[in-house]
Amino acid sequence: DLVEEGYDVAIRIATLPSSTLISKRLASTRMVLCASPVYLKVHGVPRHPTELAEHTVISYRYWSTKDEWHFDGPQGLVSVKTRPCMHTNSGDTCRAAALAHQGIILQPTFLVGDDLAAGTLVELMPEFRSLELGIYAIYPTRKYVSPKVRALIDFLAEHFAQTRSAW
């Protein structure tokens, strides 16, 4: 609770519900399904989201849909109930597990983008898109934004605008 706990600003990556707080969209990030080439060589490459139920997945605990992952594919929406071998509250831990060939992850492009570019992770089923999430600066009031908060928000907006093409 920003107001209750006295925070000036927070950065949230989410699909924002309506709120009394003020938000400025800084950028967006796409959720990407990926795994290491070694994992895929050993376990095979899934071709459809329903095949994820047969694979080892590493799940982000705070994912709003829990272990049910949703995709928008060529024939419409597809949902699959995964059976994670591990739950974690850290996207970095999901990434590390995937890089250690432990399974398939669904993580944001800002976290796995460099790995995808380097080939240490491989995007799976790009024709089945998952969520796109906004990256927001959230603050309690528009009326009394301190200069330090305004400077931070402006800096982040400029930084994200410059790096947006990499995501």
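Preceding this section is the structure that the text describes.
Residues numbered from 1 in each chain as written. Predicted model: local features only at pLDDT ≥ 70, side-chain atom pairs only at ≥ 80, totals over all residues. Heavy atoms only, no water.

**Here's the deal with the pairing of strand 5 (residues 76-81)**
For clarity, the threshold we go by: Pairing between two strands is assigned when DSSP locates at least 2 bridges connecting them. Numbered from the N terminus, helices here are DSSP runs of H or I no shorter than four residues, and strands are runs of E no shorter than two.
As defined by bridge partners, strand 4 (residues 68-73) adjoins strand 5 across 6 bridges and the pair is classed as antiparallel. Each bridged residue has a counterpart across the sheet, and for Phe 71 the counterpart in strand 5 is Val 78. Counting the residues between successive antiparallel strands, the hairpin from strand 4 to strand 5 contains 2 residues.

**A short note on the nonpolar core**
Which entries qualify depends on this criterion: Buried residues of nine kinds, namely Ala, Val, Leu, Ile, Met, Phe, Trp, Tyr and Cys, make up a nonpolar core once their side-chain atoms join them within 4.5 Å. Each residue gets one of three labels from its accessible area relative to the maximum for its type: buried under 20%, exposed over 50%, partly exposed in between, using a 1.4 Å probe on protein chains only. Throughout, a contact is declared for two residues whenever any of their heavy atoms are within 4.5 Å.
In terms of nonpolar packing, the biggest core is built from 18 residues, with Leu 33, Leu 52, Trp 69, Phe 71 and Ile 104 touching the most fellow members. Among the secondary structure elements, those contributing two or more residues to this core are strand 2 (22-35), helix 2 (37-43), strand 4 and strand 5. The greatest single-element share of this core, amounting to 3 residues, is contributed by strand 2. With residues up to four places along the chain from it excluded, the contact list for Phe 71 reads Leu 33, Pro 49, Leu 52, Gly 76, Leu 77, Val 78, Val 80, Leu 106, Phe 128, Arg 129 and Ser 130. Counting residues in each nonpolar core, the second largest holds 12 residues, with Val 9, Ile 22, Ala 27 and Val 149 among its members.

**What about helix 3 (residues 91-99)?**
For the record, the criterion: An arc is given here, and it is the one of the directions from the helix axis to the C-beta atoms. What qualifies as a polar contact is a pair of N or O atoms within 3.5 Å, subject to a donor-acceptor requirement within protein and to the restriction that residues adjacent in sequence count only when both atoms come from side chains.
Buried within helix 3 are the following residues: Gly 91, Cys 94, Ala 97 and Ala 98. Mapping the buried residues of helix 3 onto a view down its axis gives an arc of 120°, with all of them on the same face. Next to the buried residues of helix 3 lie strand 3 (58-60), strand 6 (86-88), strand 7 (105-108) and helix 4 (109-118). Of the residues that open helix 3, the one with a side-chain oxygen 3.2 Å from the backbone nitrogen of Asp 92 is Ser 90.

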